[in-house]
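Okay, here's what each chain looks like letter by letter:
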Protein chains: 2
Amino acid sequence: MRTELHADLLELGRLLVSMAEAVRTAMRNATEALLSADLAAAERVVLRDAEVDSLYRQVEERVQQVLARQQPVAGDLRLVVTALHIAADLERMGDLADHVARTARRRHPGQAVPGELVPVVCAMADIAERMAGKIAWVLNAPDATRAGELERDDDAMDALHRQLFSILLGPEWSHGVEAAVDAALLGRYYERYADHAVNAGKHVVFLVTGESAGSGSDGVPAP
Amino acid sequence: MRTELHADLLELGRLLVSMAEAVRTAMRNATEALLSADLAAAERVVLRDAEVDSLYRQVEERVQQVLARQQPVAGDLRLVVTALHIAADLERMGDLADHVARTARRRHPGQAVPGELVPVVCAMADIAERMAGKIAWVLNAPDATRAGELERDDDAMDALHRQLFSILLGPEWSHGVEAAVDAALLGRYYERYADHAVNAGKHVVFLVTGESAGSGSDGVPAP
């Protein structure tokens, strides 16, 4: 690979790592704001989503520059376009963390998540954070094993999503319609975050190994 | 613009029109399946989502070919990359129609949408269908006025989304938690469909006029 192109791909990789770390932090902070009904923390997550959007635009601009200046072909070209796909998934993961924070803000000073759902939401947030961390990790150091784990993480997320629905649609539910609707939408935000992480991870595997890892997840909602 | 590149852009435009028409039909059929609890119609929508996914892959492959063979620069390059963005939004609109159909399938033989929500859901579906139709229209014939209408359509969709929530969270709601959760998620599918339509429309304006129409919608959920 040409040296200049190699340098550009490294820079794209650095931007993508920054995005992955930002959306990981965003989801962790959004969940903390949600579970502690912390308005200021929720506001910070919403404000900081602009940083993720800015990183996304930087990736787009850098990709346009690389395509125009270097005119990469074949495999190199696919690598550059792949960076765009990863950035789009990470940007969307940032939006979903923002949605979690907005739910916390909307219900403040109330708690959006009733006590019996806290363990499930915590577990979903842990998986979400771990998945974003793995994307950053694999961008830094090609690691097909770790990338492959994202599929299993997503299966665990889907199981938690079903568990969440079984609680809020179950006979014991005593928190009414509004709390159930909040919880259903929150569940969808975490589940979609994981879907985008799986998609991003597949593209990352291609970016760092040059080998495709199959098609993306279609994000079918839980029953 | 070079003749060969022009021909490629025309072919990309044709693929995008096919996608826009497919996701328009998908959302109309999914809504009909939903409101009439028609299992066979819902199954057809789910099956046909593969056609949208296939068109999306054709756009991706064609873009890669154009970049590799023609090595477009500057404005031409941005046009080609823009086609990718439009295809990604349209593909996601197809997924959201698929989610509506799956909701119909999950509740069959029951009705997923209680009577008092039918007018709102019908209105949301009408706007969704109109928006997809405008994308196809503007791809066929540059029309900044029609493209600009997409923002207003999206405002109308957001108002309906709020109306839907005010009904399902209101004191008159008598259909319990499950129907409310279904309705909240359905509302989100239509609202996200409109967000993607706005994004796609902005990119289409750029594709057909070469002029940018601002940044995308971030899909913030209704209160």
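Scoring rules and cut-offs
Residues numbered from 1 in each chain as written. Chains lettered and ligands numbered in written order. Predicted model: local features only at pLDDT ≥ 70, side-chain atom pairs only at ≥ 80, totals over all residues. Heavy atoms only, no water. Least-squares fit on C-alpha atoms with pLDDT ≥ 70 in both. Helix = DSSP H or I, 4+ residues; strand = E, 2+ residues; numbered from the N terminus. Buried < 20%, exposed > 50% of the residue type's maximum accessible area, 1.4 Å probe, protein only. Contact = heavy atoms within 4.5 Å. Polar contact = N/O pair within 3.5 Å; in protein donor to acceptor, adjacent residues only side chain to side chain. Buried area = accessible area lost by both parts, 1.4 Å probe. Nonpolar A, V, L, I, M, F, W, Y, C, P; charged D, E, K, R; others polar.

> Even after reading the chapter, I still don't get the relation of the copies chain A and chain B, so can you show me in this structure?
One copy of the chain maps onto the second through a rotation about an axis and a displacement along it. When chain A is fitted to chain B, the residual RMSD is 0.0 Å, and the transformation amounts to a turn of 180 degrees plus an axial shift of 0.0 Å. What the superposition gives is, in effect, a two-fold axis relating one chain to the other.

> Would you mind going over the environment of A:Val45 with me for this structure?
Residue and element names in this part refer to chain A. Checked against the element boundaries, Val45 lands in helix α2 (residues 39-70). Judged by relative accessible area, which is 7%, Val45 ranks as buried. Remark: the alpha-carbon pair of Val45 and Gly94, spanning 49 residues in sequence, is separated by 9.4 Å. Residues contacting Val45, with those up to four places away along its chain left out, are Ala26, Asn29, Ala30, Ala97, Asp98 and Ala101.

> Explanation requested: the environment of A:Arg28 in the structure shown.
When you line up the elements, A:Arg28 lands in helix α1 (residues 3-36). Separated by 2.8 Å, the side chains of A:Arg28 and A:Glu129 make a polar contact.

> Before we go on, may I ask you to explain the interface of chain A and chain B in this structure?
For an interface, size is often stated in terms of accessible area lost upon the parts coming together. At the junction of the two partners, chain A supplies 39 residues and chain B supplies 39 residues. Approximately 3,200 Å² of surface area, both sides summed, lies buried where chain A meets chain B, with 65% of it carried by carbon and sulfur atoms. Taken together, the links from chain A to chain B amount to 5 residue pairs in polar contact (both at pLDDT 80 or more). Taken together, the elements giving at least two residues each to the side of chain A that touches chain B come down to α2, α3 (74-107), α5 (144-168) and α6 (176-209) of chain A. Per-element tally for the side of chain A that touches chain B: the top contributor is α3(A), with 11 residues. When grouped by side-chain class, the residues that make up the side of chain A that touches chain B number 22 nonpolar, 6 polar and 11 charged.

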